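# Remarks on the overall topology
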Amino acid sequence: MRMRRISAKRRKDLYSLSSLLFHLLVFIVLLISLGTDSNDDNTAKNKAESAKQDGTKPSGTFFVSIAN
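Quick caveat: nothing in here was measured; it's all calculated off a predicted structure.

Time to look at the overall build of the chain. Helices and strands together make up the secondary structure of the chain, namely three helices and zero strands. Starting at the N terminus and ending at the C terminus, the chain contains elements arranged as α-α-α. Across the 68 residues in the chain, those meeting the buried criterion constitute 3%. For the chain, the exposed area adds up to about 6,600 Å²; of that, 63% sits on carbon and sulfur atoms.

Below you can see the structure in the form of structure tokens.
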């Protein structure tokens, strides 16, 4: 009887640990995939350069790039 309790507890701990590792892995992959879109980087740079030429504030360009 006592062996089953230890076994069930270990199974529960192993499941919790593996679930945590899986969710961490998914979170990291999502962060990487969201941060590597080259089109957004180029668009933000182009907006910043056009803002400098127009004489507008760079902070306004920053908030426009976040909104898009």
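Moving on: a nonpolar patch on the surface. A grouping of L17, L20, L21, L24, F27, I28, L31 and I32 is seen on the molecular surface, where their side chains present a nonpolar patch of about 780 Å² in accessible area. Assignment of secondary structure puts I28 in helix α1 (residues 2-35).

Reading guide: rules and limits
- Residues numbered from 1 in each chain as written.
- Predicted model: local features only at pLDDT ≥ 70, side-chain atom pairs only at ≥ 80, totals over all residues.
- Heavy atoms only, no water.
- Helix = DSSP H or I, 4+ residues; strand = E, 2+ residues; numbered from the N terminus.
- Buried < 20%, exposed > 50% of the residue type's maximum accessible area, 1.4 Å probe, protein only.
- Areas by Shrake-Rupley, 256 points an atom, 1.4 Å probe, with all protein chains shown as cover.
- Patch = residues over 30% accessible without salt bridge, like charges linked within 9 Å, V, L, I, M, F, W, Y side chains within 5 Å.
- Salt bridge = Lys/Arg side-chain N within 4 Å of Asp/Glu carboxyl O.

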